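Reading the structure
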Amino acid sequence: MYSHVAIHRSIIMSDRQQNGSDAVDKATVEVAQMALEDPAPTGDSKGAIAKSTENNTASKKEDNGTACVVAPVSTAAFKEQFKAFSKFGDTKSDGKHLTLSQSDKWMKQAKVIDKKITTTDTGIHFKKLKSMKLTFEDYNKFLEDLAKTKKVELEEIKSKMANCGAPGVHNATPGKAAETVARLTDTSRYTGSHKQRFDESGKGKGISGRKDMADNSGYVSGYGHKNTYDKTH
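Parameters and conventions
One numbering rule holds for all chains: residues counted from 1, following each sequence as written. The predicted origin of the model limits local features to residues at a pLDDT of at least 70 and limits the giving and counting of side-chain atom pairs to 80 or more, whereas totals for whole chains, interfaces and linings rest on all residues. Note that the side-chain values use all heavy atoms of the structure and ignore hydrogens as well as water. Each helix is a run of DSSP H or I of at least 4 residues and each strand a run of E of at least 2, with the numbering of both proceeding from the N terminus. Structural elements are reduced to axes, namely lines fitted to C-alpha atoms, with helices fitted over the stretch in contact, and the angle between N-to-C directions of any two is expressed from 0 to 180 degrees. To sort the angles, those under 35 degrees are grouped as roughly parallel, those over 145 as roughly antiparallel, those from 65 to 115 as roughly perpendicular, and the leftovers as oblique. When checking whether two residues touch, look at their non-hydrogen atoms; a contact exists if any pair is within 4.5 Å. Classification used: nonpolar for Ala, Val, Leu, Ile, Met, Phe, Trp, Tyr, Cys and Pro, charged for Asp, Glu, Lys and Arg, polar for all others including Gly. The set of buried Ala, Val, Leu, Ile, Met, Phe, Trp, Tyr and Cys residues whose side-chain atoms join them within 4.5 Å is what this entry labels a nonpolar core. Relative accessibility thresholds used throughout: buried, under 20% of the residue-type maximum; exposed, over 50%; partly exposed, between the two (1.4 Å probe, protein chains only). Side-chain atoms alone can form a polar contact between residues adjacent in sequence; in general such a contact is a pair of N or O atoms within 3.5 Å, and within protein one must be able to donate a hydrogen while the other accepts it. Whether a crossing is left-handed or right-handed is set by the direction in which the near helix is turned from the far one by less than a right angle, anticlockwise for left-handed and clockwise for right-handed. For this document, the term salt bridge refers to a Lys or Arg side-chain nitrogen within 4 Å of an Asp or Glu carboxyl oxygen. Any pair of Phe, Tyr and Trp rings, taking the six-membered ring for Trp, is counted once the centres come within 6.5 Å. Such a pair is stacked with planes under 30 degrees apart, edge-to-face with planes over 60 apart, and tilted for the rest. Only Lys NZ and Arg CZ are tested; either one counts as a charge over a ring when it is within 6 Å of the ring centre and within 35 degrees of the ring normal.

Focus on the environment of Asp138
Mapped onto the elements of the fold, Asp138 is located in helix α7 (residues 136–150). Along the primary structure Asp138 and Phe126 are separated by twelve residues, whereas in three dimensions their C-alpha atoms are 9.5 Å apart.

This is the structure we're talking about:
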């Protein structure tokens with residue numbers, strides 16, 4: 001913009017010498033129009049754009065203070081989970097109502113119930129609706145009230161609950177207990193009399209692995225050299 005002003009100043013000076021004050025007024029009007037039509041954003045306009053962008057972005061604050069975007073949860077996916085857990089442990093359920101017990105199981109599997117949200121909190125907010133079983137619409141009201149009171153993002157809760165898997169499915173990884181059991185049942189590590197109870201494949205020998213059985217197949221009782229006579233003579 002400043003380069004245009006400088007050019008027009010030179011025009012003003014030349015026109016002043018040639019045509020007088022009318023040309024000066026005309027050039028001044030042109031400069032003012034160019035300044036108004038300048039598309040370059042000022043500091044204030046940049047701030048307004050940034051603020052608008054920030055307001056249009058769904059974000060939340062984590063415990064460590066960093067911001068992250070929470071994707072909207074599919075209503076259909078969340079409703080399917082609602083139906084699945086409403087039938088969990090109740091074969092007669094029509095999938096349209098959810099009890100507090102079923103809700104707590106769902107939240108525990110989704111790891112929504114933790115140190116911040118406890119079963120005491122869910123019980124208090126569930127009973128506010130004054131019903132032993134909640135419909136899908138009422139259950140959403142229950143979650144909204146719970147999230148607001150505990151200051152947790154509602155979309156975060158629903159996202160965990162919609163993606164926690166089928167009822168009763170836990171994505172547990174083998175821990176130390178499993179490793180210990182595997183080590184204790186490895187027959188190749190057995191020694192002494194315990195080693196005699198299993199064959200090379202690890203299969204138990206039964207009573208023959210626990211007791212010395214008498215071989216009565218020889219010519220006399222206790223004969224232990226069956227089928228060896230011809231080999232030595």
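Having seen the structure, we can now continue with the description.
Digging into the packing of helix α4 (residues 75–86) against α7
If you want to describe how two helices pack, look at the angle between their axes and the distance between the axes. As a packed pair, α4 and α7 sit with axes 11 Å apart at the nearest point and diverge in direction by 105°. In terms of their interaxial angle, α4 and α7 are classed as roughly perpendicular. Contacts between α4 and α7 involve Thr75, Phe78, Lys79 and Phe82 on the former and, on the latter, Phe136, Tyr139, Asn140 and Leu143. Its residues assigned to classes, the contact of α4 with α7 shows five nonpolar, two polar and one charged.

Description of the nonpolar core
Of all hydrophobic cores here, the largest spans 24 residues; its most connected members are Phe78, Trp106, Met107, Tyr139 and Met161. Counting residues per element, this core draws most heavily on α7, at six residues. Non-local contacts of Tyr139, meaning those with residues more than four positions away in its chain, are made with Phe78, Phe82, Leu98, Ser103, Trp106, Met107, Phe126, Leu134 and Met161.

Focus on the side chain of Asp121
Here Asp121 shows up in helix α6 (residues 119–127). For Asp121, the side chain forms a polar contact with the main-chain nitrogen of Thr118, separated by 3.0 Å. At 3.4 Å, the side chain of Asp121 forms a polar contact with the side chain of Lys150.

Details of the packing of α6 against α7
Contact geometry for α6 and α7: axes closest at 9 Å, N-to-C directions at 130°. By the angle between their axes, α6 is oblique relative to α7. For the pair α6 and α7, the sense of crossing is right-handed. Here Asp121, Thr122, His125 and Phe126 of α6 come into contact with α7, specifically with Tyr139, Phe142, Asp145, Leu146, Thr149 and Lys150. For the contact of α6 with α7, the per-class residue count stands at four nonpolar, three polar and three charged.

Topic: the pattern of salt bridges
As enumerated under the stated definition, the model contains four salt bridges in all. One salt bridge in this structure joins Asp121 and Lys150, with 3.4 Å as the shortest N-O distance. Placement of the pair is Asp121 in helix α6 and Lys150 in helix α7, with a sequence separation of 29 residues. Among the residues examined, Lys150 registers a relative accessible area of 22% and is labelled partly exposed. Linking Asp138 and Lys141 is a salt bridge whose minimum nitrogen-to-oxygen distance equals 3.9 Å. One end of the pair is Asp138 and the other is Lys141, both in helix α7 and three residues apart, which spans about a single turn. By relative accessible area, which is 26% here, Asp138 ends up partly exposed.

Focus: the packing of aromatic side chains
To describe a pair of aromatic rings, one takes the distance between the centres and the angle between the planes. For the structure shown, the criterion picks out nine aromatic pairs. Aromatic pair Phe85 and Trp106: ring centres 5.2 Å apart, planes at 10°, arrangement stacked. Within this pair, whereas Phe85 is found in helix α4, its partner Trp106 is found in helix α5 (residues 100–109), the two being separated by 21 residues in sequence. In this structure Phe85 comes out as buried when scored by relative accessible area, which is 0%. Here the aromatic residues Phe78, Phe82, Phe85, Phe88, Trp106, Phe126, Phe136, Tyr139 and Phe142 are joined through ring pairs into a cluster of three or more. Cation over ring: Lys79 sits above Phe136, and NZ or CZ is 5.4 Å from the ring centre. Just above the ring of Phe78 sits the side chain of Lys158; from NZ or CZ to the centre is 5.4 Å.

So, to be careful, I would describe these as geometric facts and stop short of saying anything about function.
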